[in-house]
Amino acid sequence: MDLQKLLREMTVDEKLAQMTQLVPQIITDKGEGAVTGPMRNFGITKKVTSRIGSVLGISGAKKLKDLQDFHLAEDPHKIPLLFMADVIHGYRTIYPVPLGIGASFDEELAEKCSAMAAKEASVGGIHVTFAPMTDLVRDARWGRCMETTGEDPYLNSKMAQAMVRGFQGDLGKDNIAACVKHFAAYGACDGGRDYDAVEMGDHTLREYYLPAYKAAVDAGVELLMTSFNTLNGIPSSANKYLVNDILRKEWGFDGIVISDFNAFYEMISHGICENEKECAEKALNATSDIEMMSTCFVKFGKALLEEGKISEEQIDNAVMRILKLKEKLGLFDNAYRAASEEDEQKIHLCPEYRELARIAAEKSAVLLENNGVLPFRKDVKKIAIIGPVADHGMTGGWYCCGKSSEAISVIQGIKNAIPNAEIAFARGCSAEPNEKAEDVIEQIFEAKRIAQDSDIVILCLGEEIDMSGEAHSRARISVSDSQTRLIKEVCEVNKNTAVVFYCGRPLALEKIKDVAPATIIFWHPGTEGGNALANLLFGNVNFQAKLPMSFPYEGQSPYCYNHLRTGRPSTNGGYCLGYRDNPYEPVYPFGFGLSYTTFDISSPTLSSEELTEEGEIVVSVTVKNTGKCEGIETVQLYIQDVTASIARPVKELKGYQKVTLAPGEEKVVTFKITVEKLKFHTFEGKFEAEKGKFKVFVGNRSDIESFEVFRLI
Ligand code: NOJ
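Residues numbered from 1 in each chain as written. Predicted model: local features only at pLDDT ≥ 70, side-chain atom pairs only at ≥ 80, totals over all residues. Heavy atoms only, no water.

K.L.:
Help me out: how do you make sense of the overall build of the protein chain in this one?
P.N.:
Check the secondary structure of the protein chain and you find 21 helices and 27 strands. Relative to the 2.2 N^0.38 estimate, which gives 27 Å for 713 residues, the radius of gyration of the protein chain is 26 Å and therefore close to what a compact globule would have. Referenced to the eigenvectors of the C-alpha coordinate spread, the extents of the protein chain come out at roughly 75 × 65 × 45 Å. The proportion of buried residues among the 713 residues of the protein chain is 61%. Within the protein chain, residue pairs in contact and separated by at least 24 positions form 79% of the contacts whose partners lie at least 6 positions apart. (Helix = DSSP H or I, 4+ residues; strand = E, 2+ residues; numbered from the N terminus. Rg over C-alpha atoms; globule rule 2.2 N^0.38 Å. Buried < 20%, exposed > 50% of the residue type's maximum accessible area, 1.4 Å probe, protein only. Contact = heavy atoms within 4.5 Å.)

Next comes the structure, spelled out in structure tokens:
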């Protein structure tokens, strides 16, 4: 396709329509499709809607083919629509929420899951996913923790790249284009309140928040979504520093920049634009290409051009980026692309995908406590399953086309695994965070009764899937009064109890920590949750995941393990960093997670005590399985820059490796340290390493204390 010729033939109005994205109901007048923001009468004509460039919030091969036909019949240039959707943790087969994938510390898994989602979405007619979301988060109150891979820039970057690889592959028909979001620092919203403002210095922005978006750009992501929030007073949609200077010029990104839902229009509410015309001007001048769910471009772009406030070249650049993506995806040759009802039947929820979803749920579950009660014996006769989330599928917040009814509940999973046991179920309480124990006391007694009467108890608590996600921030992250009481009562009458928390964010577990014989974080596990849980509880598979976010005490958020050092560290007694009513350190730190076996990790040995600019140091540890079953340990490398021109974190993750060991087996694990791992953003805006002393920590959690030292010379 001669795209330059096509561009020349398009009128300005047609170009502006190409730069607009709407939900299908506005185009077809039929009330279908998902809407995740405000709807209003946009006051645009059919002439505009028939020339629109892309559509969001619709899925299904038949529907999308029909919509494509409807559009192509009207569009004078026959430019196919791009179909975009939130394929975040699966399309029809749902795997754990991204926070769970982060916990796996398994890039291959992240890539495979994304590739599966891409294939399912592609046959369902989708061309672009609004993923990965790589926003770094330190505040457990934020609802969208579930969509991130956590609090660490290194882990987030690795996961972002794996997901981009998985979704996009070679952009063949099995793949879809990825859109990294939400640029930038959306996860640092004030007070963990979704959509709230972000105030942040350049150093913190570049050091912690930008690396994962950059990693996605380096991995070749096709699109980037700007965020809702203001950053230092400027909404991202109009933030020339972020988009023109950093993204386009510094990082060389020439893909599509798309707004978030209605975000251009919302610049009026932010108070930086008086009207839609100003919104269009500011967004265009920040090199935005697609306007999602508002119509400032189509309504005012032409007038801005006539007034000389924007140039036709700016519009052409944007349109060309959109046309190029359509061409790359093969839409000019086949506007249906991979959409196929027949393939939907074949591929969606096929056994191979269900198996991958199960493995992903197993690899993402974090074992926080186990006094030896787990794994349960398989010859148990009576099992009590208790809790408000045990009897239905727990897909997770962005379930896309997944259905709870197609997901395996805990009850079903346990029945599948231990078919001869008698199962008793009681809800015990609800997942409502403000529920008081006294309001459900009879339910709690009933739960206690079946617990007393059973060999083992599986308590399934925490958050329903709609308690985290967009617009689902919580002021308090503690386990509710009713759930806490239920745990206490049940554990009192039956010591063979495992408490399984479903959640899309870290929960404050201080009241539970010493009560439950075993505690598991199962996130929102997806289609195969129940089967995966049964495999874990009965020891068919071992736990291997680690926390991708610290689990803080109530009131401690925001918290991160890689915080800066202070003049008065929390270990120094009075008049030092901390709280009067809480410890400073979290209940469970980043990187922590148990296994059914135990591991011994030796102190690190360094190949040299000095590192030169061109050289490398090899760090070696011997990891030994000291327990009774096979297990997988995630060995983590952390570095502290002891003295630098600006304060540096207590430690930072710089590498991790998974090692599988049989009982008694040991292996040497090595990491290479080069100067690249020591670079940081200096006060003068440089990215470089400074000579001097560094500490090296290797272990299986972020709060390891022992270290070795080397010098960069
Ligand atoms: C708003 C969300 O912030 C974004 O993540 C999502 O992709 C869009 N809505 C489209 O649904």
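K.L.:
Can you help me understand the domain arrangement of the protein chain in this one?
P.N.:
Reports often express the size of an interface as the amount of accessible area lost when the parts come together. For the protein chain, the domain assignment lists domain 1 (21-80), domain 2 (86-343), domain 3 (360-537) and domain 4 (597-712). One C-alpha centre belongs to domain 2, the other to domain 4, and the line joining them spans 32 Å. Contacts between the two partners involve twelve residues from domain 2 and, on the opposite side, 14 residues from domain 4. Taken over both partners, the interface formed by domain 2 and domain 4 buries close to 1,100 Å², and the fraction arising from carbon and sulfur atoms is 56%. (Domains from an automatic or database assignment. Buried area = accessible area lost by both parts, 1.4 Å probe.)

K.L.:
Help me out: how do you make sense of the sheet that holds strand S9 (residues 256-258) in this one?
P.N.:
Each strand in a sheet pairs with another by means of backbone hydrogen bonds, the pair being arranged parallel or else antiparallel. The parallel open sheet is built from eight strands, whose spatial order is S9-S6-S5-S4-S3-S2-S1-S10. On the outer flanks of this sheet lie S9 and strand S10 (291-292), each paired with one strand and no other. Looking at chain direction, strand S2 (residues 54-56) and strand S3 (residues 82-85) are connected through three bridges and run parallel. Bridge pairing links Leu56 to Met84 in S3. Against the sheet, helix H15 (residues 312-328) engages S3, strand S4 (128-129), strand S5 (177-183), strand S6 (223-226) and S9, with an angle of about 110° to S9. (Pairing = 2+ DSSP bridges. Axes fitted to C-alpha atoms, helices over the stretch in contact; angles between N-to-C directions.)

K.L.:
What exactly am I supposed to notice about the side chain of Ser468 here?
P.N.:
For Ser468, the position within the fold is in the loop between strand S14 (456-462) and helix H20 (481-493). Apart from the residues within four sequence positions on either side, Ser468 is in contact with Gly143, Met146, Glu463, Gly504, Arg505 and His524.

K.L.:
Mind showing me how you'd approach the site of the ligand here?
P.N.:
Close to the ligand lie 13 residues; Asp86, Arg144, Lys181, His182 and Asp260 are nearest. Within the side chain of Arg144, a nitrogen or oxygen atom sits 2.7 Å from an oxygen atom of the ligand. Within the side chain of Asp260, an N or O atom sits 2.5 Å from an oxygen atom of the ligand. When the free accessible area of the ligand is taken as 300 Å², the share hidden by the protein chains comes to 99%. Along the lines of polarity and charge, the residues of the shell around the ligand split into six nonpolar, two polar and five charged. (Near = heavy atom within 4 Å. Polar contact = N/O pair within 3.5 Å; in protein donor to acceptor, adjacent residues only side chain to side chain. Areas by Shrake-Rupley, 256 points an atom, 1.4 Å probe, with all protein chains shown as cover. Nonpolar A, V, L, I, M, F, W, Y, C, P; charged D, E, K, R; others polar.)

K.L.:
I tried to follow the pairing of strand S26 (residues 692-699) on my own but got confused; where do I start?
P.N.:
Where a strand is regular, its side chains alternate between the two sheet faces. Most of S26 sits out of view: seven of its eight residues are buried. Two elements, strand S21 (residues 631-641) and S26, share six bridges in a ladder whose sense is antiparallel. Along S26, the bridge assignment pairs Gln640 with Lys695. Inspection of the sheet shows S26 paired to strand S27 (residues 708-712) by five bridges, in the antiparallel sense. Considered in S27, the bridge of Lys695 is made with Val709.

K.L.:
It is not clear to me how the sheet that holds S26 should be interpreted in this structure. Could you clarify?
P.N.:
Pairing in this open sheet of five strands is mixed, and the strands run S19-S27-S26-S21-S22 from one edge to the other. Bordering the open sheet on either side are strand S19 (610-611) and strand S22 (652-661), each of which pairs with just one other strand. Here S19 runs beside S27; their pairing, made up of two bridges, is parallel. Directly across from Leu611, in S27, lies its bridge partner Leu712.

K.L.:
Looking at this structure, how should I read the environment of Gly53?
P.N.:
With respect to the element layout, Gly53 can be found in the loop between helix H4 (46-49) and S2. Separated by 492 residues in sequence, Gly53 and Ala545 place their C-alpha atoms 42 Å apart. When sequence neighbours within four positions are dropped, the list of residues in contact with Gly53 reads Ala17, Gln18, Thr20, Pro80, Leu81, Leu82 and Lys326.

K.L.:
Any chance you could explain the packing of aromatic side chains here in plain terms?
P.N.:
One pair of aromatic rings is described through two measures. These are the centre distance and the angle between the planes. Within the structure shown, the criterion is met by 19 aromatic pairs. Each ring, one from Tyr588 and one from Phe592, has its centre 5.7 Å from the other, and the planes form 15°; the classification is stacked. The same class applies to Tyr588 and to Phe592, which are both buried. Measuring from ring centre to ring centre gives 5.4 Å for Phe694 and Phe710, while their planes differ by 15°; the resulting arrangement is stacked. Of the two residues, Phe694 is situated in strand S26 and Phe710 in strand S27; the sequence distance between them amounts to 16 residues. Accessibility expressed as a relative area gives 1% for Phe710, which makes it buried. By the ring-pair criterion, three or more aromatic residues cluster together here, those being Phe105, Tyr154, Tyr561, Phe590, Tyr638 and Tyr656. Over the ring of Trp398 we find Lys181; its NZ or CZ atom is 5.6 Å from the centre of that ring. (Phe/Tyr/Trp six-rings, centres within 6.5 Å; stacked < 30°, edge-to-face > 60°. Lys NZ or Arg CZ within 6 Å of the ring centre and 35° of its normal.)

K.L.:
Sorry, what's going on with the pattern of salt bridges here?
P.N.:
Note on pairing: side chains with opposite charge can pair once their charged atoms come close. Under the defined criterion, the tally for this structure stands at 49 salt bridges. A salt bridge links Arg485 to Glu489, with the shortest nitrogen-to-oxygen separation between them at 2.7 Å. Of this pair, Arg485 and Glu489 both sit in helix H20, four residues apart, which is roughly one turn of that helix. On the basis of relative accessibility, which here comes to 31%, the residue Arg485 falls in the partly exposed class. Relative accessible area serves as the criterion here: at 12%, Glu489 is assigned to the buried category. Across the pair Glu676 and Lys679 runs a salt bridge, and its minimum N-O distance is 2.8 Å. On the basis of relative accessible area, Glu676 is assigned to the partly exposed category, the value being 49%. Using a relative accessible area of 21% as the deciding quantity, one classes Lys679 as partly exposed. Overlapping salt bridges bring together Glu207, Asp641, Arg648 and Glu652 as one network. (Salt bridge = Lys/Arg side-chain N within 4 Å of Asp/Glu carboxyl O.)

K.L.:
Explanation requested: a positive patch on the surface in the structure shown.
P.N.:
A grouping of Lys436, Arg476, Lys488 and Lys511 is seen on the molecular surface, where their side chains present a positively charged patch. Assessed through its relative accessible area of 53%, Arg476 is described here as exposed. (Patch = residues over 30% accessible without salt bridge, like charges linked within 9 Å, V, L, I, M, F, W, Y side chains within 5 Å. Lys, Arg positive; Asp, Glu negative; His and termini not counted. Charge placed at Lys NZ, Arg CZ, Asp CG, Glu CD.)

K.L.:
I would appreciate a short explanation of the side chain of Glu147 in the present structure.
P.N.:
Turning to its location among the elements, Glu147 is positioned in the loop between S4 and helix H8 (153-168). According to the relative accessible area criterion, Glu147 is buried, its value standing at 0%. A distance of 2.6 Å separates polar atoms of two side chains, one belonging to Glu147 and the other to Arg144. Apart from the residues within four sequence positions on either side, Glu147 is in contact with Pro98, Met133, Lys181, Trp398, Gly469 and Glu470.

K.L.:
Could you clarify how one ought to interpret the packing of helix H9 (residues 202-209) against helix H11 (residues 240-250) in this entry?
P.N.:
Packed helix pairs are specified by the crossing angle of their axes together with the interaxial distance, meaning the distance between the axes. Packing of H9 against H11 leaves a shortest axis separation of 14 Å and a crossing angle of 50°. It follows that H9 is oblique to H11 by the angle criterion. Every pair of crossing elements has a handedness; the one defined by H9 and H11 is right-handed. Along the contact surface, H9 presents Asp202, Leu205 and Arg206, while H11 presents Tyr241, Leu242, Ile246 and Glu250. Across the contact of H9 with H11, the residue classes tally to four nonpolar, no polar and three charged. (Parallel < 35°, antiparallel > 145°, perpendicular 65-115°, else oblique. Left-handed = near helix turned anticlockwise from the far one by under 90°.)

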